[in-house]
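# Structural overview for review
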Amino acid sequence: MTRPFTAFAVAVAALAAGAAAAHHSFSAEYDPERPVKLTGKVTEMRWSNPHAWIYLDVTGDDGKTVNWALEMTGANGLIRRGWRREDLPAGTVLVIEGWQARNATPTVNIATVTFPDGRTLFAGSSNPAARQQ
Amino acid sequence: MLRALVVSIAVAVAASATAQTVPRMPDGKPDLQGIWQAHSRAAYGLEYHDAKYLLPAGPSVVDGGEIPYLPAAREQQRQNFANRAQADPLSHCYLPGVPRIMYLEHPFQIFQTREHVGVTFEWSQVFRLIYTAGQPTKHEGIESWMGNSRGRWEGDVLVVEVTDHNDRTWLDAAGTFHSTALRVTERYALRDANTIDYSATIEDPKVFARPWTIRVPLHRQTDLPRLYEYQCQAEKEEANGEFERDPQTWYPAPIPEGNARFDARASANLPPPAVTGAIRRGPDGKPDISGWYELDAGGGNYGLESSPQIFLTPASRGLVVDPTDGKLPYQAWARAERIERALPHRGYDDPTAHCFVAGIPRSHYVPQPVQILQPRGFVVVLFERMAWRHIVMTPRPPLPDHVRLWQGDSAGHWEGDTLVVESKSFNGKAWLNEVGDIVSHMQTVVERFTPVDEDTIVYRATVTDPIPYTRPWTIEVPMHRRNDELLEVACHEDNQDLEHLKQVRDEYRAQQRATR
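What comes next concerns the included structure.

The rules behind these values
Residues numbered from 1 in each chain as written. Chains lettered and ligands numbered in written order. Predicted model: local features only at pLDDT ≥ 70, side-chain atom pairs only at ≥ 80, totals over all residues. Heavy atoms only, no water. Pairing = 2+ DSSP bridges. Helix = DSSP H or I, 4+ residues; strand = E, 2+ residues; numbered from the N terminus. Contact = heavy atoms within 4.5 Å. Polar contact = N/O pair within 3.5 Å; in protein donor to acceptor, adjacent residues only side chain to side chain. Nonpolar A, V, L, I, M, F, W, Y, C, P; charged D, E, K, R; others polar. Core = buried A, V, L, I, M, F, W, Y, C linked by side-chain atoms within 4.5 Å. Buried < 20%, exposed > 50% of the residue type's maximum accessible area, 1.4 Å probe, protein only. Disulfide = S-S within 2.5 Å. Phe/Tyr/Trp six-rings, centres within 6.5 Å; stacked < 30°, edge-to-face > 60°. Lys NZ or Arg CZ within 6 Å of the ring centre and 35° of its normal. Salt bridge = Lys/Arg side-chain N within 4 Å of Asp/Glu carboxyl O. Arc of directions from axis to C-beta.

To continue, consider the pairing of strand S7 (residues 183-192) of chain B. All names here are of chain B. Pairing of strand S6 (residues 157-163) with S7, which is carried by six bridges, proceeds in the antiparallel orientation. For Leu-158, the partnering residue across the bridge sits in S7 and is Tyr-188. As paired strands, S7 and strand S8 (residues 195-203) are joined by nine bridges and run antiparallel to one another. Bridging across to S8, Tyr-188 finds its partner in Tyr-198.

Listed as interface residues are 39 residues of chain A and, on the opposing side, 40 residues of chain B. In this assembly, chain A and chain B are joined by twelve residue pairs in polar contact (both at pLDDT 80 or more). Counting only elements with at least two residues in the side of chain A that touches chain B, the list comes to helix H2 (26-29), strand S1 (30-46), strand S2 (53-59), helix H3 (75-80), strand S4 (93-101), strand S5 (107-114) and helix H4 (128-131) of chain A. Residues of the side of chain A that touches chain B, tallied by class, amount to 15 nonpolar, 15 polar and nine charged.

Let us look at the nonpolar core. All names here are of chain B. Among the nonpolar cores identified, the biggest contains 68 residues, and Leu-46, Ile-101, Tyr-103 and Trp-212 are the most heavily contacted of them. When residues no more than four places from it in sequence are discounted, the contact partners of Ile-101 are Pro-96, Phe-121, Trp-123, Val-126, Arg-128 and Met-146. Core analysis: the second largest hydrophobic core is formed by 44 residues, Tyr-365, Val-379, Val-421 and Trp-473 among them.

Bringing the state of the cysteines into the picture now. All names here are of chain B. Summed over all chains, the structure comprises two disulfides over all chains. Disulfide partner of Cys-93: Cys-232, at an S-S distance of 2.1 Å. Between Cys-93 and Cys-232 the disulfide shows an S-S torsion of about -65°. By sign, it is left-handed. Remark: Cys-232 occurs in helix H5 (residues 232-239) and Cys-93 occurs in the loop between helix H3 (84-87) and helix H4 (100-103); sequence separation between them is 139 residues. Cys-93 sits in the buried class, given a relative accessible area of 5%. Disulfide pairing is shown between Cys-355 and Cys-491; the S-S distance is 2.0 Å. Here the disulfide of Cys-355 and Cys-491 is left-handed, its torsion about the S-S bond being about -65°. Placement of the pair is Cys-355 in the loop between helix H6 (332-341) and strand S12 (370-373) and Cys-491 in the loop between strand S19 (473-482) and helix H7 (497-515), with a sequence separation of 136 residues. Using a relative accessible area of 18% as the deciding quantity, one classes Cys-355 as buried. Cys-491 gets classed as buried once you look at its relative accessible area, which sits at 5%. Sequence-ordered numbering of the disulfide-bonded cysteines in chain B gives the connectivity 1-2, 3-4.

On to the environment of B:Gly347, then. All names here are of chain B. Its location among the elements puts Gly-347 in the loop between H6 and S12. Overall, the relative accessible area of 3% leaves Gly-347 in the buried class. In the structure, Gly-347 is positioned 87 residues away from Glu-434 in sequence and 7.3 Å away in space, judged by C-alpha atoms.

Attention now moves to the packing of aromatic side chains. Residues and elements named next belong to chain B. Overall, the coordinates contain 16 aromatic pairs over all chains when judged by the stated rule. Taken together, a centroid distance of 5.4 Å and an interplanar angle of 65° make the contact between Tyr-94 and Trp-145 edge-to-face. You can see Tyr-94 sitting in the loop between H3 and H4 and its partner Trp-145 sitting in the loop between strand S4 (127-131) and strand S5 (148-154), a full 51 residues away along the chain. Judged by relative accessible area, Tyr-94 falls into the partly exposed class, the value being 22%. Judged by centre distance (5.5 Å) and plane angle (40°), the ring pair of Phe-243 and Trp-250 falls under tilted. Accessibility classification places Phe-243 together with Trp-250 in one group, the buried group. An aromatic cluster of at least three residues, connected via ring pairs, comprises Tyr-69, Phe-177, Phe-208 and Trp-212. Its end group placed over the ring of Phe-81, Arg-84 keeps NZ or CZ at 4.2 Å from the ring centre. Seen from the ring of Tyr-228, Arg-226 lies directly overhead, with NZ or CZ sitting 5.6 Å from the centre.

What follows deals with the pattern of salt bridges. All names here are of chain B. Under the counting rule described, the total for this entry stands at 40 salt bridges over all chains. Notably, a salt bridge pairs Arg-191 with Asp-197, separated by 2.6 Å at the nearest N-O pair. Taking relative accessible area as the criterion, Arg-191 reaches 47% and is therefore assigned partly exposed. For Arg-281, the salt bridge is made with Asp-417, and the minimal N-O distance between the two is 2.7 Å. One end of the pair, Arg-281, is in the loop between H5 and strand S10 (291-295); the other, Asp-417, is in the loop between strand S15 (409-415) and strand S16 (418-424), with 136 residues separating them in the sequence.

So, on to the pairing of S2(A). Along any regular strand, the residues point their side chains to alternate faces of the sheet. All names here are of chain A. In terms of burial, S2 is a largely internal element, five of the seven residues being buried. Bridging between S1 and S2 involves five bridges; their strand directions are antiparallel. Bridge assignment links Arg-46 to a residue of S2, and that residue is Trp-53. The hairpin turn running from S1 into S2, its antiparallel successor, is six residues long. The pairing of S2 with strand S3 (residues 65-71) spans seven bridges and is classified as antiparallel.

What follows deals with H6(B). Residue and element names in this part refer to chain B. What H6 keeps buried is the set Ala-334, Glu-337, Arg-338 and Arg-341. Around the axis of H6, the buried residues are gathered within 105° of arc, so they sit on the same side. Along H6, the residues that are exposed and aim more than 90 degrees away from the buried face are Ala-332 and Ile-339.

Our focus in this paragraph is unusual backbone geometry. Residues and elements named next belong to chain B. Cis rather than trans, the peptide bond between Asp-322 and Pro-323 has omega equal to 5°. Within the secondary structure, Pro-323 sits in the loop between strand S11 (320-322) and H6. Omega for the peptide link from Ile-360 to Pro-361 comes to 10°, which places this bond in the cis form. Its location among the elements puts Pro-361 in the loop between H6 and S12. Residue Gln-125 is not a glycine yet carries a positive backbone phi of 50°. Within the secondary structure layout, Gln-125 lies in the loop between strand S3 (116-121) and S4.

Here it is as structure tokens:
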């Protein structure tokens, strides 16, 4: 498990400083009035362009589990920083901070990712707040 | 007299025989360049197939007649065929894959250099970049729709190995499918100046019992002077109302009556970029600008004027160098429209949110790499977000006024060491960035690519557009040559954002209706 986390840490930290391949307005899609913090288990990493997605099962206070879609930068940006799709296995526990979509669906633009060992990392996407840190 | 006639006939016959020999590049390799198309029913079905609705009959192009399916795979193909109206990836305008793209009934243009064969297709401005100089793959094992193409010359035959396919494309409209284990070996052999004998050998042990080969001749399109555009998804969304006409910018919108006078001669008279080092040159002494470039886009995709970060929209350092105050010289109504376009309910209207082509000059500052090829008579730019532009370096007749293109019609020439490109015939559908800076169909663009050292080009674009502006303006973007390769951006195939943006827009419209 060490190697995936290390690769992920390097890739994501590099993204925090790098350019993103945005293709649409995140400000239009996500809601500044809906900051969210989620803890859950990765069910899938979708390796796609123009944006890659992490899917996370999150169990709410009501006991119901909802699968959240968490938007990142594009797959090509991750590839160029050495990340591969195997590097974030299903079952990994993540803590995500970001902003929820304006349409109130379980969709989030990622600002930060925290791993179980406490390291806080930044997930790129086109999120300038993440990039500035 | 009779003798003169006999001699001239003999000369004509000899000339005809010469024409049958194949054209060649300076290095002696066959010259595949030009516009080609299959005239075949292969795209409908590789095996013999009867006519069905929207599916004309055709003979088999498979050696031996039948595809050697494994039994379960043959059953899957039959189900695919039965469900083809929805199941065919092409019905969704998804990237067709290789080899299917080669025998769609759409023309494509081949460009050839010592290191690459670039194939640029009319169909959705898809391209293939085939590496022919033994370059090792820089990004191993990355699955994509169009695969990874590595070519080599075996005598006069170009042999291309295509690997790293995803499993989402079909090989024809009959449901012929494959897995990620697919390996395609293509052969391109010039039969004569106007015919390529094209074959593709298909290997996929998860679907087929043995390798099998198709043969489809490609014909030079001697009646077609240039490629046009067929933007499959954009045309589909326009047809079904999901992408709406902008009456202020789309052809043939007029100049608004209340516009302030347009001063076409206003200019800051910028000095040329400072050359700081030796530049690369080709055999003809002209600058060699070919290669893979990263664009120092400066946030231009989030505003051409200098702007701070606002929520999730990044800051822009400002790309405008003329006017010298860095402001776009908007007409008053256009400044108001630009502010409106940046609001959340207009995010859906940005064509690139739909994954449509970015247009010119936006293609040169969206944050994505580009590959420049410099074949004979052209400069070709391949954009990673799956689009190309051809800059023709030899004069050709202008397009009629009614022919309008996303990427415009571009002609280039050298002024000293600067490539100067003049473009017009735009359709006015593009936005200049995701906050909605405006251009219309009346824009003309003069771009200047100035190499300033071995690996840097200073790119400038001057836009003259009398609909939204009061005078021309110019932006500047540095381009840095790097040692990398293009990857594929299959955009609308996996675009999950558009539906969210549409809901934001629809909710806004519903509120507007409710308050009226």
